Amino acid sequence: MIDLNFKEKKEEVKQKANDAIKKKVEQELGVTVGEGQSVEDAVKQGVEDKLKKELFKIFE
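Residues numbered from 1 in each chain as written. Predicted model: local features only at pLDDT ≥ 70, side-chain atom pairs only at ≥ 80, totals over all residues. Heavy atoms only, no water.

*Asks:* A description of the overall build of the chain should follow, citing residues and the corresponding values.
*Replies:* Of the regular secondary structure elements, the chain holds two helices and zero strands. Expected size for 60 residues packed as a compact globule is a radius of gyration near 10 Å; at 17 Å, the chain overshoots this value by more than 25%. Based on the C-alpha atoms only, the size of the chain along its principal axes is roughly 65 × 15 × 10 Å. The burial tally for the chain puts 10% of its 60 residues in the buried class. Within the structure as shown, the chain displays about 5600 Å² of accessible surface, and the carbon and sulfur contribution to it stands at 58%. Here the chain holds 13 positive side-chain charges and 14 negative ones, and the gap between their average locations is 2 Å. (Helix = DSSP H or I, 4+ residues; strand = E, 2+ residues; numbered from the N terminus. Rg over C-alpha atoms; globule rule 2.2 N^0.38 Å. Buried < 20%, exposed > 50% of the residue type's maximum accessible area, 1.4 Å probe, protein only. Areas by Shrake-Rupley, 256 points an atom, 1.4 Å probe, with all protein chains shown as cover. Lys, Arg positive; Asp, Glu negative; His and termini not counted. Charge placed at Lys NZ, Arg CZ, Asp CG, Glu CD.)

Below is the structure:
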């Protein structure tokens, strides 16, 4: 019984931490973490998109 309570609490805290990290990444880096997407993948995608925009500006 006690072990189950700790396990549930651990998962709850872990989820809250992940949500806070996603929110901060979205605010600071201007990327959106999609459903089922990791924070790392969202950051990579954001960087790729910004690089593409800058490269297109150079060649215009």
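What follows picks up the thread again.
*Asks:* Can you tell me about the pattern of salt bridges, naming the residues and giving the values?
*Replies:* Enumeration over the complete set of coordinates arrives at four salt bridges. Put simply, Lys24 and Glu28 hold a salt bridge, and the shortest N to O gap is 3.4 Å. In this pair, Lys24 and Glu28 are both assigned in helix α1 (residues 2–29), four residues apart and thus about one turn of the helix distant. A network of salt bridges, in which partner residues are shared, links Lys9, Glu12 and Lys16. (Salt bridge = Lys/Arg side-chain N within 4 Å of Asp/Glu carboxyl O.)

Keep in mind these numbers describe shape, not what the thing actually does.
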